[in-house]
Amino acid sequence: MSVPSTPVTPVAPSYVFLSDGKQCQAHYTHYYDDGNIVFLVGDHVFRLFRSVLSRRSEVMKALFALPQPVSGVEPTLDGLPVIRLQDSMVDFAAFLDFIHPPSCPPGWATVPRWRALFGAFRIARKYGVDDIEIQALKGLEGVLPTTLETFERSTVYATLNAAVEVVNLSRELELEQFLPLAFYRLATLSAQNISSSQTMAVLCRLSRDDLVRLHVGRAAIQDALINQAYHMPDMNPHSWRCPGNRQCPRGGPTTVPLANKKNWTTLLQFPLEDLRLRVRNPSSYGDFCDECNGDLRKRVKLLQATLYTNLPLYFKLTD
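Conventions adopted
- Residues numbered from 1 in each chain as written.
- Predicted model: local features only at pLDDT ≥ 70, side-chain atom pairs only at ≥ 80, totals over all residues.
- Heavy atoms only, no water.
- Helix = DSSP H or I, 4+ residues; strand = E, 2+ residues; numbered from the N terminus.
- Buried < 20%, exposed > 50% of the residue type's maximum accessible area, 1.4 Å probe, protein only.
- Pairing = 2+ DSSP bridges.
- Contact = heavy atoms within 4.5 Å.
- Axes fitted to C-alpha atoms, helices over the stretch in contact; angles between N-to-C directions.
- pLDDT = per-residue confidence, 0-100.
- Expected span 1.5 Å × (residues − 1).
- Arc of directions from axis to C-beta.
- Parallel < 35°, antiparallel > 145°, perpendicular 65-115°, else oblique.

## Brief notes about the environment of Leu277
- Here Leu277 shows up in helix 12 (residues 271–280).
- Judged by its relative accessible area of 41%, Leu277 is partly exposed.
- For the pair Leu277 and Val300, spaced 23 residues apart in the sequence, the C-alpha separation amounts to 9.7 Å.

So this is what it looks like as structure tokens:
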């Protein structure tokens, strides 16, 4: 699909006039001079090909078969009837990108790729175009994180706004596989400045039930961390001795003090991320022997996997 991952500079718009004198903007990509069917979506005109759409969508085919309005009652363009759609222009254009892939990034694109894919999925489902619905879903699964590995590489949830929109769109389109990590990111990002009016304004775009789930889930994650991380050697070296009795911080109950407040704060705010760092380099959290480092890595991996697996439970997504 040719939807760009970053916004591009829009080209100068062109305009057409309908028979009723209304000036509308011709869509940058999907206005074809030889098209024989016209759609008005918002203030944008799409001029397309009836036969192509009819072959792809039985819903469109049935729409075209409806009696045409009496001449002079509804506007036309070059003698062609204008069909008004109550869809999002961006969603409709993203859907059409699958049917008529642009040869270059579309100049109208001002949304992230994942947002365009949600839009294409929405329109494909509405008009019964199963193959595009499947392609858009595969695209979403390649962009939105659904595993710990893809979450580590993803930059989708860089802002609260993005995470909230993913939750709301996933709810609307019944794509629940994207919810656990979206809720997790909301919980970690919002915790940094939960009392901010700006933060609350963004979070209030969630449904009331999902807002409750967010707060319940955040508390559940922190409770699980406190119960389990307390027994990790770098967080509480008093809890267990070095099995080899070597001269490392786990060699005795008074070798090192309890972990400092900063360690706990970071772990509680960004648990999956902090645990990932501990897996990669456990020695950075204490001067442990090799045997202790190996044990620490094993415990941290287990804790990280447990937290990730239980995200649907923490956020009550299975209710």
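Picking up after the structure, the text goes on.
## Overview of the sheet that holds strand 1 (residues 14–17)
- Judged by pairing direction, the sheet is mixed, and its six strands sit side by side in the order 1-2-4-3-6-5 without closing on themselves. Of all the strands in the sheet, the pair left with one neighbour each is strand 1 and strand 5 (76–77).
- Pairing between strand 2 (residues 23–31) and strand 4 (residues 44–48): three bridges, direction parallel. Within strand 4, the position partnered with Gln25 by the bridge is His44.
- Contacting strand 3 (37–41) and strand 6 (80–85), helix 2 (residues 58–65) runs over the sheet at an angle of about 105 degrees to strand 3.
- Most of the contacts of helix 3 (residues 89–99) go to strand 4, to which it runs at about 20 degrees, and overall it touches strand 2, strand 3, strand 4 and strand 6.

## With respect to the pairing of strand 1
- Of the pairings in the sheet, the one linking strand 1 to strand 2 comprises four bridges and is antiparallel in character. For Tyr15, the partnering residue across the bridge sits in strand 2 and is Gln25.
- Hairpin connection, strand 1 to strand 2: the antiparallel pair is bridged by five residues, and Gly21 has positive phi, about 90 degrees.

## Considering the confidence of the model for the protein
- Residues with a pLDDT of 70 or more make up 80% of the protein, whose mean pLDDT is 83.
- This stretch, residues 1–10, has a pLDDT under 50; its non-local contacts, to residues over four places away or in other chains, come to 28 contacts.
- The low-confidence segment residues 252–258, where pLDDT is below 50, has 14 contacts with residues more than four positions distant or belonging to other chains.

## Here's the deal with helix 13 (residues 290–309)
- Taking 1.5 Å of rise per residue, the 20 residues of helix 13 would be expected to cover 28 Å, and the 29 Å separating its terminal C-alpha atoms lies within 8% of that figure.
- Those residues of helix 13 lying buried are Cys292, Asn293, Asp295, Leu296, Val300, Leu303, Gln304 and Leu307. The arc that holds the buried residues of helix 13, viewed along the axis, is 165 degrees, so those residues lie on one side. Residues of helix 13 that are exposed and angled more than 90 degrees away from the buried face: Asp290, Lys298, Leu302 and Thr309.
- Where helix 13 is buried, its residues touch helix 6 (148–153), helix 10 (208–229), helix 12 and helix 14 (311–314).

## Focus: the packing of helix 3 against helix 4 (residues 113–126)
- Look at helix 3 against helix 4: their axes get within 7 Å of each other, and the N-to-C directions meet at 85 degrees. With respect to helix 4, the element helix 3 is oriented roughly perpendicular. Contacts from Asp91, Phe92, Ala94, Phe95 and Phe98 in helix 3 reach Arg115, Ala116, Leu117, Gly119, Ala120, Arg122, Ile123 and Ala124 in helix 4.

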